[in-house]
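As a plain string of letters, each chain reads:
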Amino acid sequence: DMMDGRVAAIREALDAEGFTDVSIMSYTAKYASAFYGPFREALASAPKAGEAHRIIPPNKKTYQQDPANYREALREAMLDEEEGADIMMVKPGMPYLDIIRLLRDNTTLPVAAYHVSGEYSMLKAAAAAGYLNEQDAVLESLLSMRRAGSDLILTYYATQAARWIQEGGLDASQGGD
């Protein structure tokens, strides 16, 4: 999660147990986003009224970043790096290409982009409706994250994209710095 101090607590606990070589990927820039919807619906984890003893907020904006505030990503990146993060993640990826670039330009740590369920579902639905070529759109989307500066991409398309790339659908060396 993104709670301040969490990376430091995890790093301290890992180091204390001798796991000094275990890397931590921090949710450096996790934005309050509509693109999480399909995942939340699939797991029935969308915010809703709970049992009497459980307080569930109407949304998760209390601990996710404001989509309009790009400066917060820089502050969080500095904190995460100080606390011992090894990788910084931007979530979701495609709507926040500018944040991926901002982090890439301001840290030497690897930057990861999370291509979330809503991005996946949007491409799947458009392809199913015949609005676009799924392979071309997916590979272009992933390339845009790489070009923005992402070193790693987490995506529901991972297996399929790897197959398309192996089949020559994209020069995997394209993009990036």
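So, a few notes on the structure that sits alongside this text. (Residues numbered from 1 in each chain as written. Predicted model: local features only at pLDDT ≥ 70, side-chain atom pairs only at ≥ 80, totals over all residues. Heavy atoms only, no water.)

Considering the nonpolar core
Ranked by internal contacts, the top residues of the largest apolar core, which has 23 residues, are Val90, Ile99, Ile100, Leu103, Val138 and Tyr157. Those elements that provide at least two residues to this core are α3 (71-83), β2 (87-91), α4 (97-104), β3 (111-115), α6 (134-148) and α7 (158-166). When residues of this core are assigned to their parent elements, the largest contribution, six residues, is made by α6. Ignoring anything within four residues of it in the chain, the contact list for isoleucine 100 reads Val90, Gly93, Val111, Ala113, Met145, Ala148, Gly149 and Ser150. (Core = buried A, V, L, I, M, F, W, Y, C linked by side-chain atoms within 4.5 Å. Buried < 20%, exposed > 50% of the residue type's maximum accessible area, 1.4 Å probe, protein only. Helix = DSSP H or I, 4+ residues; strand = E, 2+ residues; numbered from the N terminus. Contact = heavy atoms within 4.5 Å.)

Quick word on α6
When the terminal C-alpha atoms of α6 are compared, their 21 Å separation across 15 residues agrees well with the 21 Å that a helix rising 1.5 Å per residue should span. Buried within α6 are the following residues: Glu134, Ala137, Val138, Leu139, Ser141, Leu142, Leu143, Ser144, Met145 and Ala148. In the core, the buried residues of α6 are packed alongside α4, β3, α5 (117-128), β4 (152-155) and α7. Where α6 starts, the residue carrying a side-chain oxygen 3.2 Å from the main-chain nitrogen of glutamine 135 turns out to be asparagine 133. (Expected span 1.5 Å × (residues − 1). Polar contact = N/O pair within 3.5 Å; in protein donor to acceptor, adjacent residues only side chain to side chain.)

Some details on the environment of leucine 109
Relative to the elements of secondary structure, leucine 109 occurs in the loop between α4 and β3. Given the relative accessible area of 15%, leucine 109 is considered buried. As for leucine 109 and alanine 85, which are separated by 24 residues in sequence, their C-alpha atoms are 8.4 Å apart. Those residues in contact with leucine 109, other than ones at most four positions away along the chain, are Glu81, Ala85, Asp86, Met88, Arg104 and Asp151.

Regarding the side chain of histidine 115
When you line up the elements, histidine 115 lands in strand β3. Of note is the side chain of histidine 115, whose polar atom sits 2.9 Å from the side chain of threonine 155. Dropping the residues within four chain positions of it, histidine 115 is found in contact with Tyr120, Leu123, Ser141, Leu142, Met145, Ile153, Leu154, Thr155, Tyr156 and Tyr157.

A short note on unusual backbone geometry
Cis rather than trans, the peptide bond between lysine 91 and proline 92 has omega equal to -5°. Secondary-structure assignment places proline 92 in the loop between β2 and α4.

Quick word on the sheet that holds β3
In space, the four strands of this open sheet follow the order β1-β2-β3-β4, with parallel pairing throughout. Every other strand in the sheet has two partners, leaving β1 (25-30) and β4 as the edge strands with one partner each. Each neighbouring strand pair of the sheet contributes to a mean axis angle of 30°, computed without reference to strand direction. Sheet analysis places β1 next to β2, joined by four bridges and oriented parallel. By the bridge assignment, alanine 29 is partnered in β2 with valine 90. Helix-sheet contacts for α3 involve β1 and β2, and the interaxial angle to β1 is about 165°. (Pairing = 2+ DSSP bridges. Axes fitted to C-alpha atoms, helices over the stretch in contact; angles between N-to-C directions.)

Some words on the pattern of salt bridges
All chains considered together, the criterion is met by five salt bridges. When the shortest N-O distance is used, the salt bridge between lysine 124 and glutamate 134 registers 2.9 Å. Placement of lysine 124 in helix α5 and of glutamate 134 in helix α6 is noted, with a sequence separation of ten residues between them. The exposure class of lysine 124 is partly exposed, given its relative accessible area of 28%. Residues joined in a network through salt bridges with shared partners are Arg11, Asp15 and Asp86. (Salt bridge = Lys/Arg side-chain N within 4 Å of Asp/Glu carboxyl O.)

Regarding the packing of aromatic side chains
Applying the stated criterion across every chain yields a total of three aromatic pairs. Look at tyrosine 120 and tyrosine 156: their rings are 5.7 Å apart centre to centre, the planes differ by 50°, and that puts the pair in the tilted class. With tyrosine 120 in helix α5 and tyrosine 156 in the loop between β4 and α7, this residue pair connects regions lying 36 residues apart in the sequence. The class for tyrosine 156 is partly exposed, based on a relative accessible area of 39%. Centre to centre, the rings of tyrosine 157 and tryptophan 164 are 6.1 Å apart; their planes meet at 35°, and the pair counts as tilted. Accessibility expressed as a relative area gives 9% for tryptophan 164, which makes it buried. Every member of this aromatic cluster is reached through a ring pair, and the members are Tyr120, Tyr156, Tyr157 and Trp164. The ring of tyrosine 114 has lysine 91 lying over it, and the distance from NZ or CZ to the ring centre is 4.5 Å. (Phe/Tyr/Trp six-rings, centres within 6.5 Å; stacked < 30°, edge-to-face > 60°. Lys NZ or Arg CZ within 6 Å of the ring centre and 35° of its normal.)

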